[in-house]
Amino acid sequence: MSATVGVVLFPGSNCEHDVVEAVRGLGGDARLIWHGAESVGDVDAVVLPGGFAHGDYLRPGAIARFSPVMAAIAAFAAAGGPVIGICNGFQILTEAHLLPGALQRNRNLTFLCMPVEVEVSSSRSVLTRDLAPGQRLTIPINHFEGNYTCDIATLEDLKADDRIVLRYVDNPNGSVDDIAGICNAEGNVVGLMPHPERASDALLGSADGAALLRSLLGAGVVRAL
Amino acid sequence: MLVEVGLRPGIANPEGATIERALPALGFTQVWGVRTGKAIRFSIDASDEAAARSQVGELCRRFLTNPVIEDFHVSLAPAPVPA
């Protein structure tokens, strides 16, 4: 059987079809979920894709957090459902307090759009469960606000609980402790700035992101059984 | 009301720093501590100023700012003239 991934479409999302195609290319099922929906429906995992939800007005994710579907996603996550936020989706998850910290403007106020190398730091998330710590992946980033920050106590908690999922090999944006992705205490909610769906096939320059999405599909299947 | 939102002290404000570095070229050599942010202006119905400030404070903490990286300053501004 294959997992069904619900990809949330906010007004201003722009990576939703890329995620759908990448998931289908890996043998999974995928469907879009409108941000105004009261339920995520019968899905095994949820992805909040990249883009500019609600125009990024006020702050990235600040208004998306109040979209009706977010209450359903919080409930889905609380029940153990896998929830992934990619780029703008990561920003939304922090604003919604489903993940700690915040994403501020990149160091030097530079918009970044390029492939970067990241290293798997933890295998205890639904996105990295099939990967080994130390494994390196080349995946594109494409963001202005990707400079992860949090208070010192939060950072110590993230480290102590092995919740830093991905780290940049050569920090491009000033993120504290080279953080490219983190997860919640249970490992089922993950936010990351790199776009695995844009590295899901060798034709795109790298298929390294497919390994992350395969982990997610595997986690979705386990949940569905 | 006028809400000014800025980055918390200690959080780098490269935009402000860049403006500050440009000022001497214009002869403004005594300006320092430049910080940029945003201003949000709105009207509110409340029984008195204290009640208005209390509501706006909560609005700022829950929505207008991200307390992880931002802080805010609230001041009373003259009500806009109705269009």
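Residues numbered from 1 in each chain as written. Chains lettered and ligands numbered in written order. Predicted model: local features only at pLDDT ≥ 70, side-chain atom pairs only at ≥ 80, totals over all residues.

Colleague: So, the overall build of chain B: which residues are in play, and what are the values?
Modeller: Looking only at helices and strands, one finds 2 helices and 3 strands in chain B. For chain B, the N- to C-terminal ordering of α and β elements is β-α-β-α-β. Relative to its length of 83 residues, chain B is extended, with a C-alpha radius of gyration of 16 Å against a globular reference of 12 Å. Across its three principal axes, chain B shows a C-alpha extent of roughly 50 × 35 × 20 Å. Across chain B, contacts joining residues at least 24 apart in sequence account for 62% of those joining residues at least 6 apart. (Helix = DSSP H or I, 4+ residues; strand = E, 2+ residues; numbered from the N terminus. Rg over C-alpha atoms; globule rule 2.2 N^0.38 Å. Contact = placed C-beta atoms within 7 Å.)

Colleague: Lay out the overall build of chain A with the relevant residues and their values.
Modeller: Helix and strand counts for chain A stand at 5 helices and 11 strands. Considered along the principal axes of its C-alpha atoms, chain A spans approximately 40 × 35 × 35 Å. Out of the 225 residues in chain A, the part that is buried amounts to 56%. (Buried ≥ 20, exposed ≤ 12 C-beta atoms within 10 Å, placed from the backbone.)

Colleague: Go over the interface of chain B and chain A, please, and point to the residues and values.
Modeller: Contact with chain B, which involves 6 residues of that partner, is made by 10 residues of chain A. Among the residues making up the side of chain B that touches chain A, the classes are represented as 4 nonpolar, 1 polar and 1 charged. (Nonpolar A, V, L, I, M, F, W, Y, C, P; charged D, E, K, R; others polar.)

Colleague: Report on unusual backbone geometry, specifying residues and quantitative values.
Modeller: For H54 of chain A, which is not glycine, the phi torsion reads 50° and is therefore positive. Tracing the backbone through its elements, the reader meets H54 of chain A in the loop between β3 (45-48) and α2 (69-78).

Colleague: Got a sec to walk through the sheet that holds strand β2 (residues 37-41) of chain B? Specific residues and values, please.
Modeller: Residues and elements named next belong to chain B. If you walk across this open sheet you meet the 3 strands as β2-β1-β3, and the pairing is antiparallel. Bordering the open sheet on either side are β2 and β3 (70-75), each of which pairs with just one other strand. Along the sheet, successive strands turn relative to each other by an average axial angle of 20°, direction set aside. Helix α2 (residues 49-64) contacts β1 (2-7), β2 and β3 of the sheet and is inclined by roughly 155° relative to β3. (Pairing = 2+ DSSP bridges. Axes fitted to C-alpha atoms, helices over the stretch in contact; angles between N-to-C directions.)

Colleague: Give me the sheet that holds β3 of chain A: which residues, what numbers.
Modeller: All names here are of chain A. Here 9 strands make up an open sheet; going across it, the order is β2-β1-β3-β4-β11-β10-β9-β6-β7 and the pairing mixed. The strands lining the two open edges of the sheet, one partner per strand, are β2 (29-34) and β7 (136-143). Strand-to-strand twist of the sheet, defined as the mean angle between neighbouring strand axes without regard to direction, takes the value 25°. Together, β1 (4-9), β2 and β3 form the strand contacts of helix α1 (residues 16-25), whose direction differs from that of β2 by roughly 160°.

Colleague: Describe helix α3 (residues 88-95) of chain A, and please don't skip the residues or the numbers.
Modeller: Note: α-helices contain 3.6 residues per turn, so residues at a spacing of three or four share the same orientation. Residues and elements named next belong to chain A. Of all 8 residues that make up α3, 8 are buried, and the element is covered over most of its length. All of the buried residues in α3 are N88, G89, F90, Q91, I92, L93, T94 and E95. At its buried positions, α3 is contacted by β3, β4 (83-86), β5 (102-104) and β11 (189-192).

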